[in-house]
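# An overview of the molecular structure
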Amino acid sequence: MQVSWFSNSGSQGGENSDCVYAVGSVVSIADGMGGLSDSASAARFAAEQSAKQINERIENGSFCEKTIHDTFGAINASLLQKLPGAGTTLAILALFDDHIWCASVGDTKIFAFLGTQSMQVSIDENLSEQTGLKVHQKILTNYLGKEDAKPPRISKFSAKSGSVFVLCTDGVSEVLDILEFGSSCNELRQEEVCRLLSTQAQEQEPKDDYSAVVISVQ
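A few points on the structure. Predicted, not measured: the structure shown is a model, and the values here were computed from it. (Residues numbered from 1 in each chain as written. Predicted model: local features only at pLDDT ≥ 70, side-chain atom pairs only at ≥ 80, totals over all residues. Heavy atoms only, no water.)

## Concerning helix H2 (residues 65-82)
The criterion, for reference: The way it works is that DSSP assigns letters per residue, a run of H or I at least four long becomes a helix, a run of E at least two long becomes a strand, and they are numbered from the N terminus. Working rule for helices: expected span equals 1.5 Å times residues minus one. The buried label applies to any residue whose accessible area, calculated with a 1.4 Å probe on protein chains only, is under 20% of its type's maximum; exposed applies above 50%, and partly exposed to all values in between. The directions considered for the arc run from the helix axis to the C-beta atoms. Whether two residues are in contact is decided by their heavy atoms, any of which lying within 4.5 Å being enough.
Helix length check: H2 (18 residues) gives 26 Å between terminal C-alpha atoms against 26 Å at 1.5 Å per residue, within 8%. Within H2 the residues assigned to the buried category are Thr67, Ile68, Thr71, Phe72, Ile75, Asn76 and Leu79. The buried residues of H2 occupy an angular sector of 165° when the element is viewed end-on, so they sit on one face. The exposed set on the far side of H2, more than 90 degrees from its buried face, consists of Lys66 and Gln81. The inward-facing, buried residues of H2 abut helix H1 (39-59), strand S4 (90-96), strand S5 (99-105) and strand S10 (153-158).

Written out as structure tokens, the structure reads:
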């Protein structure tokens, strides 16, 4: 698979609390929760450790669905111990044995573009306070660093050539309708899709940090 990504600070400035990490056959993206302590450190720890641990199991041939559950659980326990009060979302994509595995906690999203079929793979684990279409506040109902964090939502796809997956933080998904990029994912190379997403997101001047990963299955 081929991977392209971007990660930028939002218009409010400050430290970027998003983190993208890729190693071997695994890509991860995390969004540290603003308002909580050590949000950037939590995101970096979750993204790096999840990708490293899952890729290690892929390389030694012991990867299975339980690997994902165990990894997310271990990261949650580590955050509670090492960074109490911190929280982060996490989404990962892994290629193993001709299948694509996707998993997420929180509202960092995963989209799949499978030929003519486009879908959001992840679920939004948050509550929104809004008037009409205007969202005033979002409250995450599940994240890593939470005492009663729920297990990740896991999906599995055949690794068909030409399939494209997009993982993005809410800084991107709140200003762009990712599903509208289906034709671009089918017609452009993954680095061109990534550049298009970055440019169009930047034009919206998102306040939040904004990051995305585009993965093309070869």
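On we go from here.
## Considering the packing of aromatic side chains
Here is the rule: Stacked, tilted and edge-to-face are the three classes assigned to paired rings of Phe, Tyr and Trp, where Trp is represented by its six-membered ring and a pair needs centres within 6.5 Å; plane angles under 30 degrees give stacked, over 60 edge-to-face, the rest tilted.
By the definition in use, this model includes 4 aromatic pairs. In this structure an aromatic cluster arises from ring pairing among Phe63, Phe96 and Trp101.

## Concerning the pairing of strand S3 (residues 26-31)
As a reminder, the rule being used: Two strands are counted as paired when DSSP detects at least two bridges linking them.
With respect to burial, S3 is a largely interior element, 6 of its 6 residues being buried. The loop that links strand S2 (residues 18-23) with its antiparallel partner S3 comprises 2 residues; one of these, Gly24, has a positive phi angle of about 55°. Bridge count for S3 against S4 is 4 bridges, and the pairing is antiparallel. The partner of Ser28 across the bridge, within S4, is Ile92.

## A short note on H1
Spanning 21 residues, H1 covers 30 Å between terminal C-alpha atoms, matching the ideal 30 Å at 1.5 Å per step. Within H1 the residues assigned to the buried category are Ser39, Ala40, Ala42, Ala43, Ala46, Ala47, Ser50, Ala51, Ile54, Asn55 and Ile58. Check the buried side of H1 and you find it contacts S2, S3, H2 and S4. Following H1 by one or two positions, Gly61 has its phi on the positive side, about 80°.

## As for the sheet that holds S2
This is how the line gets drawn: Only the contacting stretch of a helix is used when fitting its axis, a line to C-alpha atoms as for every element, and angles between N-to-C directions run 0 to 180 degrees.
The strand order S2-S3-S4-S5-S10 describes an open sheet built from 5 strands, whose pairing is antiparallel. Where the open sheet ends on each side, the last strands, each with one partner, are S2 and S10. When the angles between neighbouring strand axes are averaged without regard to direction, this sheet yields 10°. Each of S2, S3 and S4 is contacted by H1, which is oriented at about 160° to S3, the strand it contacts most. Against the sheet, H2 touches S4, S5 and S10, its axis set at about 30° to S5.

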